[in-house]
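Residue strings, one per chain:
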Amino acid sequence: MIPLALIFACVAPALQNAQVAERESQYWAVDYYQPPENAVLEVGGIAFLPDGRMVVSTRRGQIWTVEDPLAADPTQARFQLFAEGLQEGLGLAVVDGEIHVVQRGELSRVRDSDGDGSADAIDTLCNSWGLSGNYHEFAYGLPYDRNGDCYVSLNVAFFDPKWWHGKAVVPDRGWVLRISPDGKAFPFAMGFRSPCGIGTNARGDLFVTDNQGDWVASSPLYHVKEGAFYGHPASLDWTAEYRASQAQASDTVPPARERTPPAVWLPYKWSRSAGNMVEDASGGRFGPFEGDLFIAELTNGLLLRTQLERVRGEYQGACFLFRQRIGSATRVAFAPDGSLIVGFTNRGWGGFSPGQGLARIHWTGKTPMEIERIHLVQDGFEIEFTEPLASEIALAPDAVDLSTYDYDYWWEYGSPERHTTRLSVGRLEITEDRRTLFLREVPLVPGTCARVVLSGIVSATGQSLLHPEFAYTINQLPEGEPAAEPVAKLVPPPPARESGS
């Protein structure tokens, strides 16, 4: 017999997540579109045309246009097949009214020259990156910057028998490429494994999400800078110095190159397969989180909210749950009315149902009691809420469960949370308007992630905190000696193993 305690341990978190998701729905409603019967929309890209139509690319090589996509009843939206026969449209943008799509092997422009609503021309804009035929050589996109350059992120490959070691056997695998308006590709940044999400914030800064695996401890959100290295060694094979010396990156020996750490490590319990991200620039039409980045998560079927700040000139910040149990979210894009469009695909990977299709998330106008802003201070955190705390609330330090952890940097598939340490909170302070809580006298250490769980928080209107937990990536503290090591620390390699072990 299976012990009842084990059954409860498995079922209780699922029930709790369902209950929280039900509360979340009071504030952000999810409506699902109805594509044509037998259409399989494994969404890879979402954008809007100047005439208001939505355009969607799919992993299965189709492009669809959607008329009336912002109808109050999304089932009234009308789908029309615009193009098919492409190879994995995993990134899409509308540029000067024309549709650009990233296929596995090229950046393409797809045109309807006679205006009948169907594509009749596909122009190759760039196809300079390598393809070996390996199943894992995906290409993702497609943000454009103010100069008209676009960016594409490329997976490494995985071969038998050591399927857990990513390889870059053809040019530019594990890189982000910058592609100029004249179609020339330039290596921009390296060290990626499976960079499924790529986008920019309102300032034009470039961000990428990667997926946990070899050399990647958990899913990261990177701020991508030109020339930087982000940790996965396979891409180094295509640097000038490696090519000149005919060196090859090792599968198991860490490279002697400085790593640029993630701005945010996404906790594994929340994110196993991160998709793209988009900044809320809706002007308040999506709720109180203007400026935050919303990240799609496939495996657990949810959206995460991340909030960044600059500490010593570099991005780092916090991650929160936002909207759970919605489907295998891989792509997100804000619509002109401030609602959030979510595209689903699981490609058989086992994500949360539905594993295909489209949804629209809109704010109901109700504001939850929620953490609105996080700010790291030298000895703790400044936490601002969406509503004032109830006047009768008198919080003690034991209302805060605060622990820190780090990760291993090695070739093993991901990393457990290491060196978990419970930290005491010396004192709490509440501002006069009761909107902000300070956690003081906390012995924080740079090069760690902090997990904070609050209890006993109730608003002046009687609402309990919707999401009482956040994780903050402390690459650096505001003052003191700079951190000598990142969160993912170099450790001795794991024991060797062979395929099947």
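Residues numbered from 1 in each chain as written. Predicted model: local features only at pLDDT ≥ 70, side-chain atom pairs only at ≥ 80, totals over all residues. Heavy atoms only, no water.

Caption draft 1: Representation of the overall build of the protein chain within the structure. For the protein chain, the helix and strand inventory stands at two helices and 35 strands. Its C-alpha atoms give the protein chain a radius of gyration of 23 Å, near enough to 23 Å, the size a compact globule of 501 residues would have. A separation of at least 24 residues holds for 61% of the contacts in the protein chain among residues at least 6 apart in sequence. For the protein chain, the exposed area adds up to about 20400 Å²; of that, 50% sits on carbon and sulfur atoms. Between the averaged position of the 42 positive side-chain charges in the protein chain and that of its 63 negative side-chain charges there is a distance of 3 Å. (Helix = DSSP H or I, 4+ residues; strand = E, 2+ residues; numbered from the N terminus. Rg over C-alpha atoms; globule rule 2.2 N^0.38 Å. Contact = heavy atoms within 4.5 Å. Areas by Shrake-Rupley, 256 points an atom, 1.4 Å probe, with all protein chains shown as cover. Lys, Arg positive; Asp, Glu negative; His and termini not counted. Charge placed at Lys NZ, Arg CZ, Asp CG, Glu CD.)

Caption draft 2: Molecular detail of the sheet that holds strand β9 (residues 121–126). Here we have four strands laid out as an open sheet, ordered β6-β7-β8-β9, and antiparallel in their pairing. At either end of the open sheet lies a strand with only one pairing partner, and these are β6 (92–95) and β9. Going from strand to strand, the sheet's axes swing by 30° on average, the running direction of each strand aside. Two elements, strand β7 (residues 98–102) and strand β8 (residues 107–111), share four bridges in a ladder whose sense is antiparallel. For H100, the partnering residue across the bridge sits in β8 and is R109. (Pairing = 2+ DSSP bridges. Axes fitted to C-alpha atoms, helices over the stretch in contact; angles between N-to-C directions.)

Caption draft 3: How the structure looks around the environment of E309. Tracing the backbone through its elements, the reader meets E309 in strand β22 (residues 302–311). Separated by 50 residues in sequence, E309 and A359 have C-alpha atoms that sit 30 Å apart. At 2.5 Å, the side chain of E309 and the side chain of Y472 are in polar contact. (Polar contact = N/O pair within 3.5 Å; in protein donor to acceptor, adjacent residues only side chain to side chain.)

Caption draft 4: The arrangement of the side chain of R434 in detail. Following the sequence through the fold, R434 ends up in the loop between β31 (427–430) and β32 (436–440). Although buried, R434 forms no salt bridge, and the nearest oppositely charged side chain, E392, lies 7.2 Å from it. Of note is the side chain of R434, whose polar atom sits 3.0 Å from the backbone oxygen of A390. Apart from the residues within four sequence positions on either side, R434 is in contact with E387, P388, L389, A390, S391 and I393. (Buried < 20%, exposed > 50% of the residue type's maximum accessible area, 1.4 Å probe, protein only. Salt bridge = Lys/Arg side-chain N within 4 Å of Asp/Glu carboxyl O.)

Caption draft 5: Structural view of the packing of aromatic side chains. One pass over the structure, following the stated rule, counts 26 aromatic pairs. Seen in terms of ring centroids, F286 and F322 are 5.8 Å apart; in terms of plane orientation they differ by 40°. Their pairing is tilted. Taken as a pair, F286 in the loop between β20 (274–279) and β21 (293–297) and F322 in strand β23 (residues 314–323) lie far apart in primary sequence, 36 residues in all. This pair shows no difference in class: F286 is buried, exactly as F322 is. One aromatic cluster is present, formed by Y27, W28, F286, F289, F294, F322 and F334 through successive ring pairs. In this arrangement the basic side chain of R305 is found over the ring face of F289, its NZ or CZ atom lying 3.7 Å from the centre. Taking NZ or CZ as reference, R305 lies 4.1 Å from the ring centre of F320, over its face. (Phe/Tyr/Trp six-rings, centres within 6.5 Å; stacked < 30°, edge-to-face > 60°. Lys NZ or Arg CZ within 6 Å of the ring centre and 35° of its normal.)

Caption draft 6: Seen up close, unusual backbone geometry. The omega torsion of the bond from G141 to L142 falls at 20°, within 30 degrees of zero and hence cis. Mapped onto the elements of the fold, L142 is located in the loop between β10 (139–140) and β11 (150–154). Cis rather than trans, the peptide bond between D160 and P161 has omega equal to 5°. Inspection of the secondary structure assignment puts P161 in the loop between β12 (157–158) and β13 (166–167).

Caption draft 7: Representation of the pairing of strand β25 (residues 340–345) in the model. With respect to burial, β25 is a largely interior element, six of its six residues being buried. Burial of the side chains of β25 extends over both faces: L340, V342 and F344 are buried on one face and I341, G343 and T345 on the other. Bridge analysis of strand β24 (residues 329–334) against β25 gives five bridges, and the strand direction is antiparallel. In the strand pairing of β25, A333 is matched with I341. In this structure, β25 lies alongside strand β26 (residues 356–363), joined through six bridges in antiparallel fashion. Across the sheet, residue G343 finds its bridge partner in β26, namely L358.

Caption draft 8: Region of interest: the nonpolar core. Within the largest apolar cluster, 31 residues are counted, with the highest numbers of intra-cluster contacts made by L107, W129, L142, V152, I179, W265 and Y407. Contributing elements (two or more residues each) for this core: β6, β11, β14 (175–179) and β29 (400–409). Not counting the four nearest positions on each side in its chain, V152 is found in contact with V102, W129, A139, Y140, L142, W175, V176, L177, I179 and I198. Among the nonpolar cores identified, the runner-up in size contains 29 residues, and F381, V425, Y472 and L477 belong to it. (Core = buried A, V, L, I, M, F, W, Y, C linked by side-chain atoms within 4.5 Å.)

Caption draft 9: Examining the pattern of salt bridges more closely. Counted under the stated rule, the structure contains 31 salt bridges. With a shortest N-O distance of 2.8 Å, E88 and R104 are connected by a salt bridge. Linking E88 in the loop between β5 (78–83) and β6 with R104 in the loop between β7 and β8, this pair joins segments that are 16 residues apart in sequence. You'll find E88 and R104 in the same group, each marked buried. Note that R178 and D149 form a salt bridge whose closest N and O atoms lie 3.0 Å from each other. Placement of the pair is R178 in strand β14 and D149 in the loop between β10 and β11, with a sequence separation of 29 residues. Among the ionic contacts, a cluster of salt bridges with common partners joins D379, R427, E429, R440 and E441.

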